[in-house]
Amino acid sequence: QVQLVESGGGLVQAGGSLRLSCAASGRTFSSYVMGWFRQAPGKERKFVAAITWGGSTWYADSVKGRFTISSDNAKNMVYLQMNSLKPEDTAVYYCAARRRGSIIYAIDYDYWGQGTQVTVSS
């Protein structure tokens, strides 16, 4: 049973920071790309960042320079450090894993976590 479990969301003021964590279990993820997506109310789920277990990373333009994705291979953990948060970052953040296909399209991801809410107040 594949499981992705996110944690670390919460309420923060604009300019603040949060660190999201994703615990992956149930299979070997070494050949998977791990991604973070977010979905605001009434909007589509959008790509935020992705990482291979070898350390290659990708970011959406809207978060470059503010967010950092990282992983701990030994623990099967993926992290998203979010700095200089803005109200427009408010969304449910999802961890996902994909074997092949596009990095940025949610439809290409095979496994998803349940999501964690991030709310940034102005």
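So, here is what we can say about the structure in this document.

Moving on, we get to the overall build of the protein. Scanning the protein from N- to C-terminus turns up zero helices and 11 strands. Mapped in sequence order, the helices and strands of the protein form the string β-β-β-β-β-β-β-β-β-β-β. Relative to a compact globule of 122 residues, whose C-alpha radius of gyration would be 14 Å, the protein shows 13 Å and is just as compact. Overall size of the protein, expressed as C-alpha extent along the three principal axes, is 40 × 30 × 25 Å.

To continue, consider the sheet that holds strand β1 (residues 3–7). The sheet built from four strands is open, its strands ordered β1-β3-β8-β7 with antiparallel pairing. The open sheet has two edge strands with one neighbour each: β1 and β7 (67–72). Between one strand axis and the next, the sheet turns through 15° on average, direction left out of account. In this sheet, strand β3 (residues 18–25) lies alongside β1 in antiparallel orientation, the contact comprising five bridges. Following the sheet pairing, Leu4 is matched in β3 by Ala24.

Basis of the calculations
Residues numbered from 1 in each chain as written. Predicted model: local features only at pLDDT ≥ 70, side-chain atom pairs only at ≥ 80, totals over all residues. Heavy atoms only, no water. Helix = DSSP H or I, 4+ residues; strand = E, 2+ residues; numbered from the N terminus. Rg over C-alpha atoms; globule rule 2.2 N^0.38 Å. Pairing = 2+ DSSP bridges. Axes fitted to C-alpha atoms, helices over the stretch in contact; angles between N-to-C directions.

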